[in-house]
Amino acid sequence: MEDVVATSPGRTRELDLLALYRRMLALRRFEEKAGLLFALGILGSPCPRGVGREAAYVGAAIAAARHSPAALVYATFRSPSLALACGVDLLTAFERLQAESPHGNTPDHTAGLVLYRDGHSAEPLQAIEGAMGLAGEATIIVIVERADVARLNSQSVLPANALIVVLEPSLGEGAGDLPHEIALLRPVNGSDVICVTSALDAAFDERLPMRAGIVRIALPEFRGHQATKDRKRDAEARASDPLTVGRLEVLESGRATPEGLAALDAAIKSELAAAAEALGATC
């Protein structure tokens, strides 16, 4: 994929909007293709849904890489889309889904975290303390679902030098179920990859020694691919889609034309078709 940093790392304003959009679009098209391949019986497990999380996943992967070439990204859940954002190739992502059982080999949340970025790995870690010990002073991002925050907080399994990214359902929900120190933080708009990356950059810079940093990301609402009777809410959901926001930013910046973005989409679909063909699929 294209380099997301247009010039030198360390400044969000130098991010390549078109490259960011391409990464997010690739995640969306991968999930759509994976759904089709599962329906055809080619994949052994459905792809855990990441629609609406593209900005969060791409922003986390890019922020980690910009702060350290040896950065590590962990999560409390299994996500092929996050793996793609962290550098796993399309064929490998498909092969992992193909090899899984219909119920999916989701790692036990109590057993540790899933490593997504160390250059190649995306396997469950059974001993998180040992893995973090090997990481040393490396940049570490731990992505957690909102429901997992209290458990991880009580178990104290998170390293002191980590940046914790909390994924939340929507901007409109309260924070009464979050630990006090997290609830006080204002959520970042998870529809905009630039907002996400900027927030993570700032959090890295402002972290106190031996104290984990925290960023809350409010995910946009996903209402499915079909329209419902609530047209106003459907329109609001479409407007907050990370791909809609990213596309508008690219066009307004002059980095691409509508025709150029259509060609980009076609190229991504061609790459997915080639990966699917390598699995024995012809769709």
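Note that the structure is a prediction, hence the values are computed from the model and not measured.

Colleague: Describe helix H8 (residues 193-206), listing the residues and the values that go with them.
Modeller: Taking 1.5 Å per residue as the helical rise, H8 with its 14 residues ought to reach 20 Å, and the 20 Å between its terminal C-alpha atoms agrees with that figure. Buried within H8 we find Val193, Ile194, Val196, Thr197, Ala199, Leu200, Asp201, Ala203 and Phe204. The N-capping residue of H8, defined by a side-chain oxygen 2.9 Å from the backbone nitrogen of Ile194, is Asp192.

Colleague: Describe the nonpolar core, listing the residues and the values that go with them.
Modeller: In terms of nonpolar packing, the biggest core is built from 63 residues, with Phe30, Phe94, Ile141, Ile143 and Leu167 touching the most fellow members. If you tally residues by element for this core, the top one is helix H1 (residues 17-39), at 10 residues. What Ile141 contacts, discounting residues up to four positions off in sequence, is Ala60, Ala64, Leu72, Val73, Tyr74, Leu163, Val165 and Phe204. The next biggest cluster of nonpolar side chains, apart from the first, holds 10 residues, and it includes Tyr74, Ile140, Val142 and Ala162.

Colleague: Give a detailed account of the environment of Pro187, specifying residues and quantitative values.
Modeller: Within the fold, Pro187 resides in the loop between helix H7 (180-183) and strand S5 (188-189). Pro187 sits 21 residues away from Val166 along the chain, and the two C-alpha atoms are 9.1 Å apart.

Colleague: Requested: an account of the packing of helix H2 (residues 54-67) against H8, with residues and values cited.
Modeller: Close contact between H2 and H8 brings their axes to 8 Å; oriented N to C, the two are set at 40 degrees. Taken together, the axes of H2 and H8 are oblique relative to one another. For the pair H2 and H8, the crossing hand works out as right-handed. Residues Ala55, Ala56, Val58, Gly59, Ala60, Ala63, Ala64, Arg66 and His67 of H2 form the contact with H8, whose participating residues are Val193, Val196, Thr197, Leu200, Asp201, Phe204 and Asp205.

Colleague: Break down helix H4 (residues 90-99) for me, with residues and values.
Modeller: When H4 is considered as a whole, its buried residues turn out to be Leu90, Ala93, Phe94 and Leu97. For H4, the buried positions fall inside an angular range of 95 degrees around the axis, keeping them on one side. Packing partners of the buried residues in H4 comprise H1, helix H3 (80-85) and helix H11 (258-278). Capping the start of H4 is the job of one residue whose side-chain oxygen sits 3.2 Å from the backbone nitrogen of Leu91: Asp89.

Colleague: Let's hear about the pairing of strand S4 (residues 162-168): which residues, and what values?
Modeller: Across the 7 residues that make up S4, a large majority, 7, are buried. Here S4 shows no split at all, with Ala162, Ile164, Val166 and Glu168 on one side and Leu163, Val165 and Leu167 on the other all buried. In the sheet, strand S3 (residues 140-145) pairs with S4 via 6 bridges, with the strands oriented parallel. Among the inter-strand pairings, Ile141 is bridged to a residue of S4, identified as Leu163.

Colleague: An account of the packing of aromatic side chains is requested, with residue identities and associated values reported.
Modeller: Scanning the entire structure with this criterion turns up 2 aromatic pairs. Relative to Phe94, the ring of Phe30 has its centre 4.8 Å away and its plane inclined at 35 degrees; by these criteria the two rings are tilted. In this pair, Phe30 is assigned in helix H1 and Phe94 in helix H4, connecting sequence segments 64 residues apart. In this structure, Arg53 packs its charged tip against the face of Phe77, placed 5.5 Å from the ring centre.

Colleague: A description of the pattern of salt bridges should follow, citing residues and the corresponding values.
Modeller: Enumeration according to the criterion identifies 11 salt bridges in this entry. One salt bridge connects Arg28 with Asp241, and the closest N-O pair in it is separated by 2.9 Å. Of this pair, Arg28 sits in helix H1 while Asp241 is found in the loop between helix H9 (231-239) and helix H10 (242-253), placing the two residues 213 residues apart along the sequence. Per residue, the accessibility class of Arg28 equals that of Asp241, and both read buried. Of the charged contacts in the structure, one is a salt bridge between Lys269 and Asp265, with a shortest N-O distance of 4.0 Å. Of this pair, Lys269 and Asp265 both sit in helix H11, 4 residues apart, which is roughly one turn of the helix.

Rules used in this analysis
- Residues numbered from 1 in each chain as written.
- Predicted model: local features only at pLDDT ≥ 70, side-chain atom pairs only at ≥ 80, totals over all residues.
- Heavy atoms only, no water.
- Helix = DSSP H or I, 4+ residues; strand = E, 2+ residues; numbered from the N terminus.
- Expected span 1.5 Å × (residues − 1).
- Buried < 20%, exposed > 50% of the residue type's maximum accessible area, 1.4 Å probe, protein only.
- Polar contact = N/O pair within 3.5 Å; in protein donor to acceptor, adjacent residues only side chain to side chain.
- Core = buried A, V, L, I, M, F, W, Y, C linked by side-chain atoms within 4.5 Å.
- Contact = heavy atoms within 4.5 Å.
- Axes fitted to C-alpha atoms, helices over the stretch in contact; angles between N-to-C directions.
- Parallel < 35°, antiparallel > 145°, perpendicular 65-115°, else oblique.
- Left-handed = near helix turned anticlockwise from the far one by under 90°.
- Arc of directions from axis to C-beta.
- Pairing = 2+ DSSP bridges.
- Phe/Tyr/Trp six-rings, centres within 6.5 Å; stacked < 30°, edge-to-face > 60°.
- Lys NZ or Arg CZ within 6 Å of the ring centre and 35° of its normal.
- Salt bridge = Lys/Arg side-chain N within 4 Å of Asp/Glu carboxyl O.

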